[in-house]
Amino acid sequence: YQLVSMLEQLYAGILPVAVLKFFGANATGVFALAARLVSFATLIQGPYLQAILSGGSLVYSSGSAEKTNAFIVKSFKAMSVLSVLPLVFIAFYGAKIAYVWTGKTDPLMEGAVCILCAGGLCRSLSSLFRVLYRVAGGAVMDNAQLLLELSVAFLIWPFARQLGFFGMVGGMQFIGQLLGLI
């Protein structure tokens, strides 16, 4: 878990630095505010995944394929509800919430919130799949997925100006997580 945590922190630190370097302080502030809103929407997922890890280990150790399949289906449905509803709410009202919170508007805010919500949805499903994989005794996928995300980040970095703000944020938040689902 320590290597996974270090890689997650490294990955989380790359995008704000890239946005600051290529797009300036205003875009970095918009990204930080949008990321904060999305993090509120995904707050419940961490405790849920811990419960899935312990409950899934119990079900998997029982050896029943039927119980394991039912557990996977229920886990997916519950994670979908815990992810989709708050993220859709933030996607629709995030810019308005940011305006009420700060008293300022920015044309980048709506797009940034929507892209980060799409990335948050992929991240939640990807995290669920990693936990279910770990329940079954695997541990390599965590490291492989994070290394893949870091590779995408470093591949996108040289093209940041050509991609623009949304391309950079979308590339690192959405594509890395989407590749992790595959």
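Residues numbered from 1 in each chain as written. Predicted model: local features only at pLDDT ≥ 70, side-chain atom pairs only at ≥ 80, totals over all residues. Heavy atoms only, no water.

1. A look at the overall build of the protein
Move 1: Counting its regular elements, the protein contains six helices and zero strands.
Move 2: Its helices and strands in sequence order give the protein the pattern α-α-α-α-α-α, from N to C terminus.
Move 3: Relative to a compact globule of 182 residues, whose C-alpha radius of gyration would be 16 Å, the protein shows 17 Å and is just as compact.
Move 4: With the C-alpha coordinates aligned to their principal axes, the bounding extent of the protein is approximately 55 × 35 × 25 Å.
Move 5: Residues classed as buried in the protein amount to 41% of the 182 residues present. (Helix = DSSP H or I, 4+ residues; strand = E, 2+ residues; numbered from the N terminus. Rg over C-alpha atoms; globule rule 2.2 N^0.38 Å. Buried < 20%, exposed > 50% of the residue type's maximum accessible area, 1.4 Å probe, protein only.)

2. A short note on the environment of Pro107
Move 1: Here Pro107 shows up in the loop between α3 (65-102) and α4 (109-135).
Move 2: Residues Pro107 and Tyr11 lie 96 residues apart in sequence; the distance between their C-alpha atoms is 26 Å.

3. Describing the side chain of Thr28
Move 1: Examined against the element boundaries, Thr28 turns out to sit in helix α1 (residues 2-41).
Move 2: Once residues within four sequence positions are removed from consideration, Thr28 is found in contact with Pro16, Val19 and Leu20. (Contact = heavy atoms within 4.5 Å.)

4. What about the confidence of the model for the protein?
Move 1: Put simply, the protein has an average pLDDT of 86, and 95% of its residues get 70 or more.
Move 2: Across the protein, the element-wise mean pLDDT spans from 78 in helix α5 (residues 140-156) up to 92 in α3. (pLDDT = per-residue confidence, 0-100.)

5. Examining the nonpolar core
Move 1: Residues Val169 and Met172 are the most contacted members of the largest nonpolar core, which totals 35 residues.
Move 2: Looking at this core, the elements with two or more residues in it are α1, α3, α4, α5 and α6 (160-181).
Move 3: Of the residues forming this core, the biggest block, 16 residues, is contributed by α1.
Move 4: Those residues within four positions of Val169 in sequence are excluded, and the remaining contacts are Leu15, Val19, Phe31, Ile115, Leu116 and Phe174. (Core = buried A, V, L, I, M, F, W, Y, C linked by side-chain atoms within 4.5 Å.)

6. Focus on the packing of α1 against α4
Move 1: Interaxial distance between α1 and α4 falls to 13 Å at its minimum, and their mutual angle equals 175 degrees. Comparing the axis directions of α1 and α4 gives the class roughly antiparallel. When α1 is examined against α4, the residues Glu8, Val30, Phe31, Leu33, Ala34, Ala35, Leu37 and Val38 are found in contact with a partner set consisting of Met109, Ala112, Val113, Leu116, Cys117 and Arg130.
Move 2: Here the contact of α1 with α4 is built from residues that sort into 12 nonpolar, no polar and two charged. (Axes fitted to C-alpha atoms, helices over the stretch in contact; angles between N-to-C directions. Parallel < 35°, antiparallel > 145°, perpendicular 65-115°, else oblique. Nonpolar A, V, L, I, M, F, W, Y, C, P; charged D, E, K, R; others polar.)

7. Observations regarding the packing of aromatic side chains
What characterises a pair of aromatic rings is the spacing of the ring centres plus the angle enclosed by the ring planes.
Move 1: Across all of its chains, the model carries seven aromatic pairs by this definition.
Move 2: Consider the rings of Phe23 and Phe165, whose centres lie 6.1 Å apart with planes at 90 degrees: the pair is edge-to-face. Of this pair, Phe23 sits in helix α1 while Phe165 is found in helix α6, placing the two residues 142 residues apart along the sequence.
Move 3: Ring pairing ties together the aromatic residues Phe22, Phe23, Trp157, Phe165 and Phe166, which thus form one cluster.
Move 4: Lys21 extends its terminal NZ or CZ atom over the ring of Phe22, reaching a point 5.4 Å from the ring centre. (Phe/Tyr/Trp six-rings, centres within 6.5 Å; stacked < 30°, edge-to-face > 60°. Lys NZ or Arg CZ within 6 Å of the ring centre and 35° of its normal.)

8. Points about a nonpolar patch on the surface
Move 1: Among the surface-exposed residues, Val84, Val88, Phe89, Phe92 and Tyr93 lie close enough to one another that they form a single nonpolar patch of about 490 Å² accessible area.
Move 2: Inspection of the secondary structure assignment puts Val84 in helix α3.
Move 3: On the accessibility criterion, Val84 (34% relative accessible area) is partly exposed. (Patch = residues over 30% accessible without salt bridge, like charges linked within 9 Å, V, L, I, M, F, W, Y side chains within 5 Å. Areas by Shrake-Rupley, 256 points an atom, 1.4 Å probe, with all protein chains shown as cover. Salt bridge = Lys/Arg side-chain N within 4 Å of Asp/Glu carboxyl O.)

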